[in-house]
Amino acid sequence: MKQKLKKNRQRCSSNKKILRQIPSIDKILNEPEIKEFSNIIDPQYLTALIRNNINEYRKRLIAGEQFDVINLKQNIVQALHDILNPYFCYAINATGIVLHTGLGRAPVNIRMASGLKALSLGYIRLQIDDEGRRTDRHLRINRLLHILTGTEAGMIVNNNAAATLLILNTLAKNREVIISRGQLIEIGGSFRIPEMLAQSGALMKEVGTTNRTHLRDYEHAINDNTAALLRVHQSNYRITGFTKQVSLGELVMLGKKYAIPVIHDLGSGALIDFSKFGLPKEPVAQESIKTGADIVCFSGDKLIGGPQCGIIIGKRKYIEKLKKNPLARVLRSDKFTSALLETTLQLFLLNRSEVIKNHSVLSMLLRPLPSIKRQAMRCANYIKKHLGPHVDVSVDPSVSEIGGGSLSTEELPTYVVSIKPNNMRVDDLARALRQYRTPVFGRVKGGNFFLDFRTVLKGEEKIIIEALTTILKSR
Ligand SMILES: *Cc1c(COP(=O)(O)O)cnc(C)c1O
């Protein structure tokens, strides 16, 4: 104990010496490696960056960390490179989580990619017609949504949370919205139905119990101040056993009887019935419209596989009301979103087999197990042959996740490449892969690094192998 204290004191006093040795900003600016940057970065920002680093360095020294002046210089050079390089960049998802929030949920697909490229040339036709007149940016998306779902009208906003807020604020501010207690859900990232209702200014009228809600519960709660009946897809959890939820059809009948609109929050939303492919059923947008929901909303970047947005469809009179709400301007999505959603929706117009082939999320969800296994085996064999002494490698069965609060009780069987490095810690390997030129994200568990090939796109195994080779051989 005493020795430890002494050591600490020694370190602190040597740190004090180093503190005094911290070079001045001017001196650092004159170091050749840093001087190079003065031709690139504006002097005021270069100075600010260096000052930040020195302050950070000083703080860490005072906290007793061991550091020397060489580290400081290296850190500054690193920070200068870092600030000039894109953080938002193409990355490889080998986590097996198809809708990975940290990696931007749905991946860009081939069509979106060519759309993005075309958009990067300059201006974009967004809301102007052939006569040069200003039009409504939602018209084009509307048209596609009409064909795909049979809706009267539609619009998009920033995300599905924004859609929910806009709908409730427009239709139910200072009035009551009836919802089943079994549907008062929380999605990750602080989206909670009761809080969203409160923010919108609507008054929540909960009915039924957690596991069972009957039609009569809704009917008893209806009064003169009732503005809407809200049905929310449970998304990321399931209640099993002695349960009952009122169907959308029954709610629609009740709504009609009392002339109260029915709102259906689908969560992920689907334009294709997943149960036809052996996956569990997610609510299908066109079915909600057909059943007679007045307003339906869902995310653009969950199972739809498009850009981040909230898609709202339903009866024209309600959509028009939503568009007139000043909040619609606040929650508006940007031009790139409209363009990317257009290409995503156009994809759904194609033959089913083409949709599945070209739609990244669908093709990942439906990817046959033997195909995943083959890709994993190829990768593992290469690693064994070329990086053999550095790692132990095997191909093992595992499970992928869908993520994004979609079909989330469903586990998808998969195969992973398991890597156990021999001369570095598995956490260091994972970090080095994340820091690679093209960042590679995998799973770490129990001393192993796992690459799940369900979410690895064609050709990406080459980059993974290149990254592993660079990292392991530099050891
Ligand atoms: C995911 C989800 C939301 C939120 O959608 P975002 O697009 O993430 O804003 C809202 N409601 C339900 C039921 C969801 O599953």
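Residues numbered from 1 in each chain as written. Predicted model: local features only at pLDDT ≥ 70, side-chain atom pairs only at ≥ 80, totals over all residues. Heavy atoms only, no water.

### Digging into the domain arrangement of the protein chain
Phase 1 of the analysis: The assigned domain composition of the protein chain is domain 1 (2–84), domain 2 (92–101 + 367–472) and domain 3 (110–358).
Phase 2 of the analysis: Relative placement of domain 1 and domain 2: their C-alpha centres are 36 Å apart. (Domains from an automatic or database assignment.)

### Observations concerning unusual backbone geometry
Phase 1 of the analysis: Residue R105 is not a glycine yet carries a positive backbone phi of 55°.
Phase 2 of the analysis: Along the chain, R105 turns up in the loop between β2 (97–99) and α6 (110–119).
Phase 3 of the analysis: Residue classification places R105 among the partly exposed residues on the basis of a relative accessible area of 23%.
Phase 4 of the analysis: At A259, a residue that is not glycine, the phi angle is positive and equals roughly 55°.
Phase 5 of the analysis: Within the secondary structure layout, A259 lies in the loop between α11 (248–258) and β9 (262–267).
Phase 6 of the analysis: For A259, a relative accessible area of 69% puts it in the exposed group. (Helix = DSSP H or I, 4+ residues; strand = E, 2+ residues; numbered from the N terminus. Buried < 20%, exposed > 50% of the residue type's maximum accessible area, 1.4 Å probe, protein only.)

### Some thoughts on the side chain of N325
Phase 1 of the analysis: As for its placement among the helices and strands, N325 is situated in the loop between α13 (316–324) and α14 (326–330).
Phase 2 of the analysis: Within the local environment of N325, its side chain forms a polar contact with the side chain of N169, the two groups lying 2.8 Å apart.
Phase 3 of the analysis: With sequence-adjacent residues up to four places away left out, N325 is seen in contact with L166, N169 and T170. (Polar contact = N/O pair within 3.5 Å; in protein donor to acceptor, adjacent residues only side chain to side chain. Contact = heavy atoms within 4.5 Å.)

### Points about the site of the ligand
Phase 1 of the analysis: Contacts to the ligand come from 14 residues, most closely from R105, S235, D265, S299 and K302.
Phase 2 of the analysis: With respect to the ligand, the side chain of R105 contributes an N or O atom lying 2.7 Å from an oxygen atom.
Phase 3 of the analysis: A distance of 2.7 Å separates an oxygen atom of the ligand from a polar side-chain atom of S299.
Phase 4 of the analysis: Alone, the ligand offers 380 Å² of accessible surface; in the complex the protein occludes 95% of this.
Phase 5 of the analysis: Contributions of two or more residues to the shell around the ligand are made by α8 (160–172) and β9. (Near = heavy atom within 4 Å. Areas by Shrake-Rupley, 256 points an atom, 1.4 Å probe, with all protein chains shown as cover.)

### Digging into the sheet that holds β2
Phase 1 of the analysis: One open sheet accounts for five strands, arranged β2-β12-β13-β16-β15; its pairing is mixed. Of all the strands in the sheet, just β2 and β15 (443–445) have a single pairing partner and so form its edges. Taking the axes of each pair of neighbouring strands and ignoring which way they run, one obtains an average angle of 35° across the sheet.
Phase 2 of the analysis: Direction of pairing for β2 relative to strand β12 (residues 391–403): parallel, over a ladder of two bridges. If you follow I97 over to β12, its bridge partner there is E401.
Phase 3 of the analysis: Lying on the sheet, helix α18 (residues 369–387) is in contact with β12 and β13 (412–421); it crosses β13 at an angle near 10°.
Phase 4 of the analysis: Across the sheet, helix α19 (residues 426–434) lies against β13, β15 and β16 (448–452), angled at about 40° from β16, the strand it touches most. (Pairing = 2+ DSSP bridges. Axes fitted to C-alpha atoms, helices over the stretch in contact; angles between N-to-C directions.)

### Observations concerning the packing of helix α7 (residues 138–149) against helix α15 (residues 335–349)
Phase 1 of the analysis: Look at α7 against α15: their axes get within 10 Å of each other, and the N-to-C directions meet at 25°. Considered as vectors, α7 and α15 are oriented roughly parallel to each other. Once α7 is placed against α15, the crossing between them reads as left-handed. Between α7 and α15, the residues in contact are R140, I141, L144, L145, I147 and L148 and S338, L341, E342, L345, Q346, F348 and L349, respectively.
Phase 2 of the analysis: Looking at the contact of α7 with α15, its residues break down into nine nonpolar, two polar and two charged. (Parallel < 35°, antiparallel > 145°, perpendicular 65-115°, else oblique. Left-handed = near helix turned anticlockwise from the far one by under 90°. Nonpolar A, V, L, I, M, F, W, Y, C, P; charged D, E, K, R; others polar.)

### Overview of the pattern of salt bridges
Phase 1 of the analysis: Tallied over the entire structure, the rule returns 20 salt bridges.
Phase 2 of the analysis: Ionic pairing is found between E206 and R181, a salt bridge with its closest N-O pair at 3.0 Å. Of the two residues, E206 sits in strand β7 (residues 203–207) while R181 sits in the loop between β4 (176–180) and β5 (186–187), which places them 25 residues apart along the sequence.
Phase 3 of the analysis: Under the relative-accessibility criterion, R181 is labelled partly exposed at 36%.
Phase 4 of the analysis: Salt bridges linked by common partners bring R425, D427, D428 and R431 together as one network. (Salt bridge = Lys/Arg side-chain N within 4 Å of Asp/Glu carboxyl O.)

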